[in-house]
Amino acid sequence: MSREQQAVARARKAFETGRSKSVEYRINQLKNLQRLFSERQKEIAAAIKKDLNKTEVGAQFYETLGLEGEISLFIKNLKEWAAPRHVKKNLLTMSDTVYIHPEPLGVVLVIGAWNYPWAVTIRPLIGAIAAGNAAVVKPSEVCVHTSKVMEDLLPIYIDKELYPVVTGGVPETQELLRQKFDHIFYTGNSTVGKVIMEAAAKHLTPVTMELGGKSPCYIDKNCDISIACRRITWGKYSNCGQTCIAPDYILCEPSIQNRVIEEVKKCIKEFYTDNPKTCPDYGRIINQRHFKRVMAMLEDSNIAVGGENDESDCYIAPTVLRDVKPEAKVMQEEIFGPLLPILPVSSLDEAIKLINKGEKPLALYVFSPDNKVIERMRDETSSGGFLANDCLVHYSVSALPFGGVGNSGIGCYHGKFSFDRLSHLRGCLVKKLKMEGVNDMRYPPHTLKKLGW
Ligand code: NAD
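Only a predicted model underlies this, so the values are computations on that prediction, with no experimental measurement involved.

1. Comments concerning a nonpolar patch on the surface
On the surface, L92, M441, L448, L451 and W453 cluster together into a nonpolar patch covering about 600 Å² of accessible area. With respect to the element layout, L92 can be found in the loop between β1 (85-86) and β2 (97-104). L92 gets classed as exposed once you look at its relative accessible area, which sits at 57%.

Okay, structure coming up:
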């Protein structure tokens, strides 16, 4: 038996003991996970620093604080979410008990990505634990140090039989994918997403796909451009542009392009100093492969700000590109790096047309003081999430479903959405063995007399 087979078999066996069905047991596991974050912050942050050059505060702000909040929410609400949900009855079932009984799916496979390695791997795990499942956790091999810390720490704090960590790259993941799971929760790019779905189809395993794409950002000429650019600069260059919901490109009228460039430039200087390379708050591209991928997008472009780079350090300066055409290289795939193309468009109509020509994005941003503009953008496009006058922050609202649509993903999670996604919502009806008379009319022979007609 391979290491991967063993982990899945152990998780299945642990699930079959039934211990994860107890809500108290689940809450205890979540509390242990919470303890991991309060006691091991230094180790977590040190690994993130090595992988992505984030500061300790940055690691806390973008990764662990959100997870701790999510765990608290689950601990507070789990009893209520896991309880039977009584539903409206019809005439035929008036005297019955009719309810939804959430039950665990079984063994879930969580495959994480590298860009916010804790956030995107542990959030699905929180949902899996809360819903009473076993879960095999596969962190991304790309964030080498974090993956090792996860492998070392999780078994110390949570049930290592129910929630084993399997590290490794493509061969290990593919070996895992040959096993039978009851749900696969994948975060990563859309191309690999298709590989995962193909493997899942062999076992008819349901999937959640948290993917990416090109998230557009429209700036209305009538808005406060300085505030808009401040928020966009933050959303774009955090984690060196390696954020699934980062604004990928800007759409605006030509008359404001220069102003946008100047304002973004001003914010880059304010956030990351004159020399972002030496600024502790500015990240690095994860590895040389991604460095080369992002640099190749600069080939046919017109650099307005930045462009400096250093391959040996995986450094690419915060960069703005002007007068970009839809056919440009940088517009052909998700950038996932610190390049911000500006595409001049003649109107809101043209912006909407252009957005609708592409795949449905994970997030869509519009900056405007005018509700009509905001509503038109919302109603005439589609995307996983929609934000007006800010970037990224919808991710932090646990009451909102987080997920993509079309090419940007399948299914949503966060808070109760995670619980429901990783539960089977079993429809239940309990009838008494009395009052058989009222059922007479449903049994043959069917006569009008029986119906009282
Ligand atoms: P990655 O390279 O770490 O891959 C993700 C996972 O897939 C890893 O665990 C990896 O081992 C596995 N994998 C890779 N190739 C595989 C293969 N051929 N067969 C089986 N498994 C394989 O991460 P990535 O894909 O570079 O991540 C970046 C992408 O993820 C971006 O597109 C980004 O937008 C998206 N993303 C989405 C979200 C979200 O919540 N929607 C969050 C983070 C990242």
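2. Overview of the environment of V166
Along the polypeptide, V166 turns up in the loop between α6 (144-157) and α7 (170-177). Not counting residues within four places of it along the chain, the set of residues in contact with V166 comprises R3, E4, A7, V136, V137, K138, P139 and L176.

3. Some thoughts on the sheet that holds strand β5 (residues 183-187)
Strand order in the open sheet made by the five strands is β4-β3-β5-β6-β17, with mixed pairing throughout. Taken across any chain shown, the strands that pair with only one partner, and hence form the sheet edges, are β4 (134-138) and β17 (409-410). With respect to the sheet, helix α1 (residues 3-16) is in contact with β3 (107-111) and β4, its orientation differing from that of β4 by roughly 155 degrees.

4. So, unusual backbone geometry
Along the chain, P444 connects to P445 via a cis peptide bond; the corresponding omega equals -5 degrees. Relative to the helices and strands, P445 is located in the segment after β19 (423-430). Although it is not a glycine, N239 sits at a positive phi angle of roughly 55 degrees. The topology assignment puts N239 in the loop between α9 (225-237) and β8 (247-252). For C314, which is not a glycine, the phi torsion comes out positive at approximately 50 degrees. When you line up the elements, C314 lands in the loop between β10 (309-310) and β11 (315-316).

Scoring rules and cut-offs
Residues numbered from 1 in each chain as written. Predicted model: local features only at pLDDT ≥ 70, side-chain atom pairs only at ≥ 80, totals over all residues. Heavy atoms only, no water. Patch = residues over 30% accessible without salt bridge, like charges linked within 9 Å, V, L, I, M, F, W, Y side chains within 5 Å. Areas by Shrake-Rupley, 256 points an atom, 1.4 Å probe, with all protein chains shown as cover. Salt bridge = Lys/Arg side-chain N within 4 Å of Asp/Glu carboxyl O. Helix = DSSP H or I, 4+ residues; strand = E, 2+ residues; numbered from the N terminus. Buried < 20%, exposed > 50% of the residue type's maximum accessible area, 1.4 Å probe, protein only. Contact = heavy atoms within 4.5 Å. Pairing = 2+ DSSP bridges. Axes fitted to C-alpha atoms, helices over the stretch in contact; angles between N-to-C directions.

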